[in-house]
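Chain by chain, the residues:
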Amino acid sequence: MGLRGDVKVLELAGRRIPRGKSLDVQLPLSQTYSGANVRIPVRVWRGERPGPAVFVTGAIHGDEINGAGIVREIIVGAPFQIVAGTLVLAPVVNMFGFERHSRYLPDRRDLNRHFPGSQSGSPASRLAHAVFNELVARCDYGIDLHSAAVRRTNFPGVRADLLRPEARRIAFAFGCELVVNGKGPKGSLRRAACRKAAPRSSSRPARSGRSSRAWSRSACAACATR
Ligand SMILES: [Zn+2]
């Protein structure tokens, strides 16, 4: 089994995206209480060569708009070429909260406490399930961008489960002064993504010097998350 990003044609939101192409898609995730479909914009960039798929997500907490700005900068900033692999960019995941300048969903639930979600749970759980399956689970690596909560200031940093060798490697690759070790709160995207990466149901790290294939292929870091 290769990397998830190795597929020749990536299918997302009913669109087929071959290697070497980039595409903007509208990913259907949920419905409003009035029944209107809710879609989020996603930019997919694919290199010519096989390689890992990496997601970058912003505004899972709808009022943490810095992440959305960072992803936007990647999209509209200085052009660059992706030689190998796939980059999946989702500037605003929690569209409900983002439009209302709120951390939460309309029912006051915190999306980042409901991953990996379920098909038949609360609106937060169903939204988390859609995000997790359509976006997160299809990538090999992920960066979930956060900023401080209201009336708080966070020192810029990276948070990751440093017991996982691959998560540790990419966490320190940022060159950030502050790297915080932790699995992430229960229900957070970081915790759920790392758990999915674990071989079977084990949560133990691979023995030193013997990284398992699963460990070496999936990692999730979060920037200044809470
Ligand atoms: Zn946050």
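If you're wondering where the values come from, they're calculated on a predicted model, not measured in any experiment.

Before going further, it helps to examine the overall build of the protein. Check the secondary structure of the protein and you find 6 helices and 10 strands. Pairs at least 24 residues apart make up 62% of the contacts formed inside the protein by residues separated by at least 6 positions.

Taken residue by residue, helix 4 (residues 165-173) has Glu-166, Ala-167 and Ala-171 as its buried positions. For helix 4, the angular spread of buried residues about the axis comes to 135 degrees, placing them on one side. Taken from the residues just after helix 4, Gly-175 is the one with a positive phi, measuring 70 degrees.

The next point concerns the confidence of the model for the protein. When pLDDT is averaged along the protein, the result is 84; 86% of the residues meet or exceed 70. Per-residue pLDDT stays below 50 along residues 199-218; that stretch engages in 25 contacts with residues further than four places along the chain or on separate chains.

Our focus in this paragraph is the pairing of strand 7 (residues 141-145). Within strand 7, 5 of the 5 residues are buried, which leaves it mostly tucked inside the rest of the structure. Relative to strand 7, strand 5 (residues 49-57) runs parallel, the two being bridged by 4 bridges. Bridge assignment links Phe-55 to a residue of strand 7, and that residue is Gly-142.

Below, the discussion takes up the environment of Leu-135. If you trace the backbone, Leu-135 turns up in the loop between helix 3 (123-134) and strand 7. Once you skip the residues sitting within four places of it in the chain, Leu-135 turns out to touch Phe-55, Val-88 and Ala-90.

A word on unusual backbone geometry. The linkage connecting Phe-115 with the following residue, Pro-116, adopts the cis geometry, with an omega of 5 degrees. The topology assignment puts Pro-116 in the loop between helix 2 (95-99) and helix 3. Phi angles above zero are rare outside glycine, and Ala-13 is one such case at about 55 degrees. Given 17 C-beta atoms within 10 Å, Ala-13 falls into the partly exposed group. One non-glycine residue, Ala-59, adopts positive backbone phi at about 55 degrees. Within the secondary structure, Ala-59 is located in the loop between strand 5 and helix 1 (65-76).

With that out of the way, let us pick up the environment of Leu-105. Here Leu-105 lies in the loop between helix 2 and helix 3. Put simply, Leu-105 and Ala-124 are 19 residues apart on the chain and 7.0 Å apart in space, counted from C-alpha to C-alpha. In this view, Leu-105 contacts Asn-94, Phe-96, Gly-97, Leu-111, Pro-123 and Ala-124; residues no more than four positions away in its chain are not counted.

Examined bridge by bridge, strand 3 (residues 22-31) and strand 4 (residues 37-46) share 9 bridges and lie antiparallel to one another. Paired with Ser-22 across the strands is Trp-45, a residue of strand 4. In the sheet, strand 4 pairs with strand 6 (residues 84-90) via 4 bridges, with the strands oriented antiparallel. Counted as the bridge partner of Arg-43 is Leu-89 from strand 6.

Cut-offs applied
- Residues numbered from 1 in each chain as written.
- Predicted model: local features only at pLDDT ≥ 70, side-chain atom pairs only at ≥ 80, totals over all residues.
- Helix = DSSP H or I, 4+ residues; strand = E, 2+ residues; numbered from the N terminus.
- Contact = placed C-beta atoms within 7 Å.
- Buried ≥ 20, exposed ≤ 12 C-beta atoms within 10 Å, placed from the backbone.
- Arc of directions from axis to C-beta.
- pLDDT = per-residue confidence, 0-100.
- Pairing = 2+ DSSP bridges.

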